[in-house]
Amino acid sequence: MAHLDQHDGTTAAAGTGAPATPAGTSGGRGGRPHAPGTRTFAAVTAIALGCVALTACGGGGTSKNADGTTTVTIGIAGNIFDVPIKLAEANGYFSKQGIKVKYVTLTASTGASALESGSVQFLNDSPTDFLSAVDKKIPETAIAADGGGNPLGLIVSTKFAKAHGLTADTPAAQVAKALDGSTGGSSSANTKGEASVYLKAYGVDAGKVKWVSLPSPAADKAALKSNQIDWFVTSQPSPLEIQDSGDGVVVADSIKVPAWSSAQAGYGQFVVGRNSYLSQHADIAGKVATAVQQATAYMNAHLDSATVQTVAQKALPGVPAAVIKTALPQVEWPKSGEMTDGEWTKTLAFINSLGALTKQAQVSSDDWTNKYLK
């Protein structure tokens, strides 16, 4: 599922193409930094104003280009779940559908607002953020799944690993026992909840962990390096990057921890559209959803290919190639973007187990559809 506490987060003025700048919101899994939190009046106003600068704002960039193509703007998060969107462009799946794409990097607090305002026509969204929007009665619909599971990593300090004899190959149950009574860092309710789900699965009381609240994954990393905390959980590829730099050891991930896997946690990411836009431009929605589906299917079959690895390196600039190669399998890249009631049931159960939302998340068949997929 997409509850990534993946990175420090970046944001750009919606629809303006402005350079990304550091955002103050820490992530949860999912993609966008997750703080299922409030959308301030200032943030909404800024996005609405940004809409003025966007061609055909509200109309959603649906005017035809001179060459007969249509340009759409997609909100992304600057994380691992951007890869299929970027691959759809690199492999020509969008162009075959007559679509050109612009990107805007958004955070959890700005994604739904950008979609509502028309600053973006589609949003690559996490389940936590999407269900939070559903709860707020924001009129949007998930039209394709483009990733499954929680690509999380639990990284311990090198000092803690040495003291407890932990390595990357240590069984998940043994790691959990070693964390009993330790000091864990937390920069979001999501990642604290995800860590707690893991510990509980192996009989460890998360209430006995000494939790240190920190403002961002970057602060988690600094506290780990200085041994102020023993460990923290965040989304890939950040944990693997820390391990690659020699500042920690990744001792649990979505491959070792069944509770974080797609099989138990359900969906990881969706393509989402605003209802009014979808009703007015069903043909474009179908083309976008289909192109992304083709990209995830390609990744499912060719994850180690030079094509996928190259696109991923461009989508995640600065991340070592070896780290990306290890991180990509942490996500289940679906052959089909179609969604099912059964997968939604798993997704809801996982999100509600985190305790990160103010009340139990709910979803109905009115909130998602497969009708745009070809």
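Residues numbered from 1 in each chain as written. Predicted model: local features only at pLDDT ≥ 70, side-chain atom pairs only at ≥ 80, totals over all residues. Heavy atoms only, no water.

## Considerations on unusual backbone geometry
Excluding glycine, most residues fall at negative phi; most peptide bonds, likewise, are trans. In this structure, the amide linkage connecting Gln236 to the following residue, Pro237, adopts the cis form with an omega of 10 degrees. Here Pro237 is to be found in the loop between β10 (231-235) and α10 (238-244). At Lys137, a position not held by glycine, the phi torsion is positive, near 65 degrees. Within the element layout of this structure, Lys137 appears in the loop between α5 (127-135) and β6 (140-148). Of note in the backbone geometry, Asn227 takes a positive phi value of approximately 65 degrees without being a glycine. Checked against the element boundaries, Asn227 lands in the loop between α9 (217-225) and β10. (Helix = DSSP H or I, 4+ residues; strand = E, 2+ residues; numbered from the N terminus.)

## Considerations on the environment of Glu338
Relative to the helices and strands, Glu338 resides in the loop between α15 (321-327) and α16 (341-354). In this structure, the C-alpha to C-alpha distance between Glu338 and Gln293, residues 45 residues apart in sequence, is 8.7 Å. Sequence-distant contacts of Glu338, defined by excluding residues within four places in its chain, comprise Tyr267, Gln293, Asn370 and Leu373. (Contact = heavy atoms within 4.5 Å.)

## Thoughts on the pattern of salt bridges
Where charged atoms from two side chains of opposite charge come close, those side chains can pair. Scanning the model with the defined rule gives five salt bridges in all. Across the pair Asp247 and Lys225 runs a salt bridge whose closest N-O atoms are separated by 4.0 Å. Of the two residues, Asp247 is situated in the loop between α10 and β11 (249-253) and Lys225 in helix α9; the sequence distance between them amounts to 22 residues. A residue is classified by how much of its surface remains accessible, and Lys225, at 57% relative accessible area, is exposed. (Salt bridge = Lys/Arg side-chain N within 4 Å of Asp/Glu carboxyl O. Buried < 20%, exposed > 50% of the residue type's maximum accessible area, 1.4 Å probe, protein only.)

## A word on α9
Of the positions making up α9, those classed as buried are Pro217, Ala219, Asp220, Ala223 and Leu224. Down the axis of α9, the buried side of the element spans an arc of 155 degrees, and every buried residue falls inside it. Contact partners of the buried residues in α9: β7 (152-156), β8 (183-186), β10 and α10. Of the residues flanking the end of α9, it is Asn227, one or two places downstream, whose phi is positive at about 65 degrees. (Arc of directions from axis to C-beta.)

## Observations concerning the side chain of Glu140
Along the chain, the position of Glu140 falls in strand β6. Accessibility expressed as a relative area gives 3% for Glu140, which makes it buried. If sequence neighbours within four positions are ignored, Glu140 has contacts with Ala112, Leu115, Asp125, Phe130, Ala133, Val272, Gly273, Arg274, Asn275 and Asp367.

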